[in-house]
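Understanding the architecture of this molecule
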Amino acid sequence: MRIIEKNDLFIDPNLDSSSETTEEWEDESPYPEVRAAVSNTDDMDMPVDTLRAWTIGLLWAILIPGLNQFLYFRYPSITIGSLVAQLLSFPLGCAWARTVPEVRIFGVALNPGPFTLKEHVVITVMATVGSSSAYATDIIAVQRKYYGQEWSFGYQWLLVMSTQLIGFSMGGAVKRFLVSPPSMIWPANLVACALFNTLHSQVYSGFGESGISRERFFLFGFLASCIWYIFPGYLFTALSTFSWVTWIWPNDSKVNQLFGYNSGLGMSILTFDWNNIAFIGSPLATPWWAEANVTVGFVIFFWILTPIFYYTNTWYSTFTPMMSRHMYDNTGGYYNVSRILTSEATLNLTAYEDYSPLFLSTTFAVSYGMNFASITATLVHSALYFRKQMWLQTRRSLSEQPDVHARLMSRYPQVPEWWYISILLVVFAMSAVTIEVWPTEMPIWGLVLALAIAAFYIVPAGMIQAITNQQIGLNVVTELIVGYALPGKPLAMMIFKTYGYITMTQALQFTSDMKLGHYMKVPPRTMFWCQIVATVVAGTVQLAVQTWMFSNIPGFCDPDQNNHFTCANTEVFFVASVVWGVIGPQRQFSPGQIYQCLTWFFLMGAIAPLVGWLINKRWPSSFFKYVNVPVVLAGTCWIPPATAVNYIPWAILGFIFNYVIRKRHFSWWAKYNYVLSAALDCGTAIGTLIVFFAFQYPRHGSIGKNSIEKWWGNTVYNNTADQQALPLRTVLKGEFFGPRSW
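Residues numbered from 1 in each chain as written. Predicted model: local features only at pLDDT ≥ 70, side-chain atom pairs only at ≥ 80, totals over all residues. Heavy atoms only, no water.

Some words on the overall build of the protein
- Scanning the protein from N- to C-terminus turns up 28 helices and six strands.
- Against the globule reference of 27 Å for 742 residues, the protein gives a C-alpha radius of gyration of 26 Å, in line with a compact fold.
- Its C-alpha atoms give the protein principal-axis dimensions of roughly 80 × 65 × 60 Å.
- By the burial criterion, 60% of the 742 residues in the protein qualify as buried.
- Counting contacts in the protein only where the partners sit at least 6 residues apart, residues at least 24 apart contribute 79% of the total.
- For the protein, the computed accessible surface area is about 29300 Å², with 63% contributed by carbon and sulfur atoms.
- Computed over 42 positive and 42 negative side-chain charges, the separation of the two mean positions in the protein equals 3 Å. (Helix = DSSP H or I, 4+ residues; strand = E, 2+ residues; numbered from the N terminus. Rg over C-alpha atoms; globule rule 2.2 N^0.38 Å. Buried < 20%, exposed > 50% of the residue type's maximum accessible area, 1.4 Å probe, protein only. Contact = heavy atoms within 4.5 Å. Areas by Shrake-Rupley, 256 points an atom, 1.4 Å probe, with all protein chains shown as cover. Lys, Arg positive; Asp, Glu negative; His and termini not counted. Charge placed at Lys NZ, Arg CZ, Asp CG, Glu CD.)

Comments concerning the packing of helix α4 (residues 117–128) against helix α23 (residues 524–552)
- In the contact formed by α4 and α23, the axes pass within 8 Å of each other and the chain directions differ by 30°. One element, α4, and the other, α23, form an angle in the roughly parallel class. The way α4 lies across α23 gives a crossing that is right-handed. Each of Val122, Val125 and Met126 in α4 lies in contact with α23, whose residues at this interface are Thr526, Met527, Cys530, Gln531 and Ala534. (Axes fitted to C-alpha atoms, helices over the stretch in contact; angles between N-to-C directions. Parallel < 35°, antiparallel > 145°, perpendicular 65-115°, else oblique. Left-handed = near helix turned anticlockwise from the far one by under 90°.)

A word on a nonpolar patch on the surface
- The grouping of Trp228, Phe231, Trp244, Ile248, Trp249, Leu270 and Phe272 at the surface amounts to a nonpolar patch, some 690 Å² of accessible area in total.
- Positionally, Trp249 belongs in the loop between α11 (244–248) and α12 (253–259). (Patch = residues over 30% accessible without salt bridge, like charges linked within 9 Å, V, L, I, M, F, W, Y side chains within 5 Å. Salt bridge = Lys/Arg side-chain N within 4 Å of Asp/Glu carboxyl O.)

Comments concerning the packing of aromatic side chains
- Enumeration over the complete set of coordinates arrives at 54 aromatic pairs.
- With a centroid separation of 5.3 Å and an interplanar angle of 65°, the aromatic rings of Phe73 and Phe556 are classed as edge-to-face. Taken together, the positions of Phe73 in the loop between α2 (51–72) and α3 (82–99) and Phe556 in the loop between α23 and α24 (568–583) put the pair 483 residues apart, joining distant regions of the chain.
- The exposure class of Phe73 is buried, given its relative accessible area of 0%.
- On the accessibility criterion, Phe556 (6% relative accessible area) is buried.
- Pairing Phe217 with Trp668 gives two aromatic rings, centres 5.9 Å apart and planes at 80°, and the pair type is edge-to-face. Taken together, the positions of Phe217 in helix α9 (residues 214–228) and Trp668 in helix α28 (residues 666–696) put the pair 451 residues apart, joining distant regions of the chain.
- We classify Phe217 as buried; its relative accessible area is 16%.
- Assessed through its relative accessible area of 31%, Trp668 is described here as partly exposed.
- Feature note: the residues Phe309, Trp315, Phe364, Tyr368, Phe372, Trp580, Phe589, Tyr595 and Phe602 constitute an aromatic cluster, connected by ring pairs.
- Over the ring of Tyr311 we find Lys254; its NZ or CZ atom is 5.7 Å from the centre of that ring.
- A cation sits over an aromatic face here: Arg662 above Trp669, 5.0 Å from the ring centre. (Phe/Tyr/Trp six-rings, centres within 6.5 Å; stacked < 30°, edge-to-face > 60°. Lys NZ or Arg CZ within 6 Å of the ring centre and 35° of its normal.)

What to know about the environment of Ser577
- Within the secondary structure, Ser577 sits in helix α24.
- Using a relative accessible area of 0% as the deciding quantity, one classes Ser577 as buried.
- Non-local contacts of Ser577, meaning those with residues more than four positions away in its chain, are made with Tyr147, Pro490, Met493, Met494 and Val582.

So, the packing of helix α6 (residues 153–173) against helix α20 (residues 444–468)
- Contact geometry of α6 with α20 gives a least axis separation of 11 Å together with a crossing angle of 35°. Crossing handedness for the pair α6 and α20: right-handed. For the pair α6 and α20, contact is made by Ile166, Met170 and Gly171 and by Leu451, Ala454, Ala455 and Ile458, respectively.
- Considering only residue class, the contact of α6 with α20 consists of six nonpolar, one polar and no charged. (Nonpolar A, V, L, I, M, F, W, Y, C, P; charged D, E, K, R; others polar.)

Here we look at the nonpolar core
- Counting residues in each nonpolar core, the largest one holds 201 residues, and the members touching the most others are Phe218, Met327, Tyr335, Met520, Trp580 and Leu598.
- Tallying contributions element by element places helix α22 (residues 490–520) first for this core, with 17 residues.
- Apart from the residues within four sequence positions on either side, Tyr335 is in contact with Met327, Tyr328, Asp329, Ile340, Tyr352, Tyr355, Ser356, Pro357, Leu358 and Ile583.
- The next biggest cluster of nonpolar side chains, apart from the first, holds 13 residues, and it includes Phe70, Tyr72, Phe73 and Met549. (Core = buried A, V, L, I, M, F, W, Y, C linked by side-chain atoms within 4.5 Å.)

Topic: the side chain of Thr137
- Within the secondary structure, Thr137 is located in helix α5 (residues 136–145).
- With relative accessibility at 0%, the residue Thr137 sits in the buried group.
- A polar side-chain atom of Thr137 sits 2.5 Å from the main-chain carbonyl oxygen of Ala134.
- In contact with Thr137, other than residues within four places in its own chain, are Gln69, Val160 and Gln546. (Polar contact = N/O pair within 3.5 Å; in protein donor to acceptor, adjacent residues only side chain to side chain.)

What about the pattern of salt bridges?
- A full pass over the atoms with the stated rule returns six salt bridges.
- The closest approach of N and O atoms between Asp558 and Lys145, which form a salt bridge, is 2.6 Å. Taken together, the positions of Asp558 in the loop between α23 and α24 and Lys145 in helix α5 put the pair 413 residues apart, joining distant regions of the chain.
- On the basis of relative accessible area, Lys145 is assigned to the partly exposed category, the value being 30%.
- Linking Lys497 and Glu479 is a salt bridge whose minimum nitrogen-to-oxygen distance equals 3.1 Å. Within this pair, whereas Lys497 is found in helix α22, its partner Glu479 is found in helix α21 (residues 475–485), the two being separated by 18 residues in sequence. There is no split in this pair, since Lys497 and Glu479 are both buried.
- Among the ionic contacts, a cluster of salt bridges with common partners joins Asp42, Lys118 and Arg411.

Focus: the environment of Asp329
- Mapped onto the fold, Asp329 is located in the loop between β5 (327–328) and α15 (349–355).
- Sequence separation between Asp329 and Gly738 is 409 residues; the distance between their C-alpha atoms is 9.4 Å.

What to know about unusual backbone geometry
- At Cys557, a position not held by glycine, the phi torsion is positive, near 75°.
- You can see Cys557 is positioned in the loop between α23 and α24.
- Phi is positive for Ala725, which is not a glycine, with a value near 55°.
- Mapped onto the elements, Ala725 comes out in the segment after α28.

Overview of the environment of Ile532
- Relative to the assigned elements, Ile532 resides in helix α23.
- For Ile532, a relative accessible area of 8% corresponds to the buried category.
- Between the C-alpha atoms of Ile532 and Leu165, which are 367 residues apart in sequence, the distance is 7.4 Å.
- In contact with Ile532, not counting residues within four places along its chain, are Leu165, Phe168 and Ile423.

Just geometry here; none of it tells us what the structure is for.
Pasting the structure below:
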């Protein structure tokens, strides 16, 4: 029996450290999280590429993306996630197996027999690969709502398809780096694997044969979380925003700034809403050492440095709320963008100089600084820690991977390289047509540069995500580059950002789904086509839904729209187009500007990984082996709109389950942890739909408006300085703060 040695190419905190060499790794994954959720066997004769799988998958690829696009423009919005599709697909597949006759039409079996696990995986991937709102639809919405540009459906379709599909070609190119190696565990996929195996009663290498079955445990957890959500979601919403300290001192500005959840730093700590806890990802699915890195970054930069910056009036911050996603002028009011725009939606420099510079909240400014630092930290960290592994993977075939799952997958025909090249060439041509035929002000060299940025970052960012479950976003770096390269052109900025940012995001989504297929032993070619087809269908449906909503919903995207279709996310996208496209970074971060000091974060991000690497070289067994600087810096990238309510409770639960319970009760953790995460996600998602469609959507939201919605538990947090986003200082009428010239 061949002995698989530990990976000595880089320090891997996820690796099982129980022994130096372990014979069991010949037929097992060397990672306990993977062994607990993934089967180490495969049935190559199991039906997978069936009419049943494609029919149900396409049905979900129409319904879920369409409904999510409809809800995307509502505030607060809800999203039907992958686990909901995964859960509902199971009874549909089983019903098909029981009711559809076992006949063939043109050689295709209508009913290939019992509903299989691999069919279930294909359906779930098709349901989720394009389920969230396509990033480019925000460009179209901003053009139509804020810039008065209503271009043809052909332009809209080409823009959405090209931005959604071009990342797949890159995802295929990096498969040997991000899918095949066993160290690329992709923790979020383990939750899905646990649920698949639970629903299909698959035998896999979990631990602990005592206790109730995983199936029953999932059912109990699902029902409990579904019923519980009615309380924080409708009956007692203060349980969701449990800023209890601000209820005691509702008018004390400093108390509310430190302990509030809306515009404060969230030191109240508690929440009883799984939606808030899992807003940045399930705490049960992320390794504790990665959660600890994120938490350290949050505490240092937002609980220590942010108050220092704020109360010392750095960036004139005391005249704005401590935490906010809005932009402000020098009177403390919201920035009136229309005052600085020309009729062509470009910067009117004279009007800008007569009006006001743009001010951000302290947390917003710090968040930009951390994004700057993560850009350089990702590259330096990857060069220091992953360079040997990346070189090895360029020379290693799938069958040579030291992992049972890779060896099982090597028996299937792989996706030919020319498939990925063909996708790249076709979609690049579509992109070129889009930006050249219509007056986007986006040059071809800008498209090439945006794609080059995505290609440059995909391997280092993908490795970090595959190991830590934390994604490094490129939205800020693309905004920064295009702001200098194409100043004063907001549409070009939005398109450049989308091609740069979403290309890498879609590539990593494709890679993550390929890893899911890798774990569940789904043929790679089937995974390839189900993702491509579902993405085209989903994007087309989303675009059609958005077009219908603009044409048929009165007051769509207005702030006072009756059904709450206020398009909050689209407004944020528009604000970014102004900050980086209209005003531009040269008037924000260049020497002599208000936020110029934030550029020092680039240097800090480059130096910090080197310091950690040198410490690890000197003391390899110290706790510094768990420090991941890019995760420390980029783990809080959700701020804003995320707040402490989405980070601190997340970290507390992660510590309890992935450190305390995993260390003291490993058998229980291995058997139930990922099943519990899936149950909480599914139950809360279904509970959210029940609350929305049963109580909030009917009768234009009037159900309970004068009864349940008025009681103390649903109003107490609204009567606080935190909810009103009050700044520490205000400006007298007719006066202003900040510099006298800009």
